[in-house]
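Fold and geometry: a report
Listed here are the chains, written in short residue letters.
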Amino acid sequence: MDSFFVGPKVYYGSHALDFLKELHVKRACLITDKMMVQLGMADMIMNLLQGTSCKVFADVEPDPSIETVKAGLNIFLEYEPELIIALGGGSPIDAAKAILLFSYKVREKISSNHSIKQPLFVAIPTTSGTGSEVTSYSVITDIENNTKIPLRDERLLPDVVILDEQLTKTVPPTVTADTGMDTLTHAIEAYVSSAATEFTDIFCEKAIKNIFTYLLRAYRYGDDLEARRKLHLASCMAGVGFTNASLGVNHSLAHAVGAKFHLSHGRSNAILLPYVIQFNGGLCDGSYQTSRAAERYTEISRFLGLPCSTREEGVVSLSTAIRVLNSKLGIPLTFQALNIEERLYVRKIPELVESALQDICTTGNPITVSEADFVNLLNWAYKGNELK
């Protein structure tokens, strides 16, 4: 039996932020980062909360740490807000999710009342990439062990999402590129997942088409609001897709490599994606003729209008198109091109493999991946010389 979960209520388009004016609460907590404060976006949100006392926690860093979540949790438990707003990219939203999840656990321990009322959770993304606003996932960084910890729980889902492309106009080109490729990876991994359904296919296909049509436009012309809007919607759609289906080893490896070498998550995904497609598609061992993943990748090539007369051609076309898109977006094609020293990289491979094997995303990959497979993928993505 299959199922499909339709999560938060989504407000989008002009004046979507006016929803906040309709909320009549006494205490709110805004989870954000220092950049949102400097750009005046935090003040803008608070001004919309007419008559509401608002506590601001703006210490969220990129790839939020366990320590940051603990600090935010202490403020949350002390202030007891009726409304919590996450404003920013994936990091503030992930941090807010983790804070809420752990607040459940803490309050359940100290209260005999099991029907604990949680605040209304509103997510306002200002980048178009993570899809975190509509997913049951959160990723927190363990700084001491230099690893990322993916969390998954239905209680991580926001209640309301506000999508306003105006908030993304100031996103710099490199971040636009990285987050856009993160969206593409979400959509492609969910589309080829063994848990994909007709419902998730609808969201993923539209997200993939939007990325290929509008990402380069938004990268080159940041004030193109049509392109910004389409990317914002694509990020949300891909999020709906992968929270109902799953992700795969592309994300498992990106979590591991990004944490060890302090790389952007989206950029790590982008570099890995062509290699993972060819691996999952069976080009490395010749299994593409019978591979379900190869069939699904070929379907993507078909609806993108890429050459796909055979499964092999469909897989190669898609991986090549992504490499071309990466190049146009200024994203390197290998980890070596990021000036990661080879000896250090090779020395870290056992740790990267161990982390990827344990990552929750690995279970969603369309084919089973062995330890040796992970080693080969990491080696290919470092130099690129094994890619067809």
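Residues numbered from 1 in each chain as written. Predicted model: local features only at pLDDT ≥ 70, side-chain atom pairs only at ≥ 80, totals over all residues. Heavy atoms only, no water.

Under an unreviewed UniProt entry, the name given to the protein chain is Alcohol dehydrogenase, class IV, and the organism recorded is Schinkia azotoformans MEV2011. Per UniProt, the protein chain has the following entry under Sequence similarities (unreviewed entry): "Belongs to the iron-containing alcohol dehydrogenase family." (UniProt positions renumbered as here; feature names shortened; annotations may be inferred.)

What follows is about the pattern of salt bridges. Applying the stated criterion across every chain, the model contains 16 salt bridges. Via salt bridges that share partners, Asp 201, Arg 296 and Glu 299 belong to a single interconnected network. (Salt bridge = Lys/Arg side-chain N within 4 Å of Asp/Glu carboxyl O.)

Okay, the domain arrangement of the protein chain next. Partitioning the protein chain into domains gives domain 1 (9-168) and domain 2 (173-383). Spacing between the C-alpha centres of domain 1 and domain 2 amounts to 27 Å. Each partner contributes residues to the interface: domain 1 has 25 residues there, and domain 2 has 28 residues. A buried area of about 2,300 Å², summed over both sides, lies between domain 1 and domain 2, and 60% of it is on carbon and sulfur atoms. At the boundary of domain 1 with domain 2, the tally comes to one salt bridge. Between Glu 165 and Arg 229 there is a salt bridge; the shortest N-O distance is 3.7 Å. Counting the contacts that link domain 1 with domain 2 gives ten residue pairs in polar contact (both at pLDDT 80 or more). Contributing elements (two or more residues each) for the side of domain 1 that touches domain 2: β1 (9-12), β6 (137-142) and β7 (147-152). For the side of domain 1 that touches domain 2, the element with the most residues is β7, which contributes four residues. (Domains from an automatic or database assignment. Contact = heavy atoms within 4.5 Å. Buried area = accessible area lost by both parts, 1.4 Å probe. Polar contact = N/O pair within 3.5 Å; in protein donor to acceptor, adjacent residues only side chain to side chain. Helix = DSSP H or I, 4+ residues; strand = E, 2+ residues; numbered from the N terminus.)

Closest axis-to-axis distance for the helix α8 (residues 249-261)/helix α12 (residues 342-358) pair is 9 Å, and the angle between their directions is 135°. Classified by the angle their axes make, α8 and α12 are oblique. Note that α8 runs across α12; the crossing there is right-handed. Residue-level inspection shows Ser 252, Leu 253, Ala 256, Val 257, Lys 260 and Phe 261 of α8 in contact with α12, the latter providing Leu 344, Tyr 345, Lys 348, Glu 351, Leu 352, Ser 355 and Ala 356. A per-class count over the contact of α8 with α12 returns eight nonpolar, two polar and three charged. (Axes fitted to C-alpha atoms, helices over the stretch in contact; angles between N-to-C directions. Parallel < 35°, antiparallel > 145°, perpendicular 65-115°, else oblique. Left-handed = near helix turned anticlockwise from the far one by under 90°. Nonpolar A, V, L, I, M, F, W, Y, C, P; charged D, E, K, R; others polar.)

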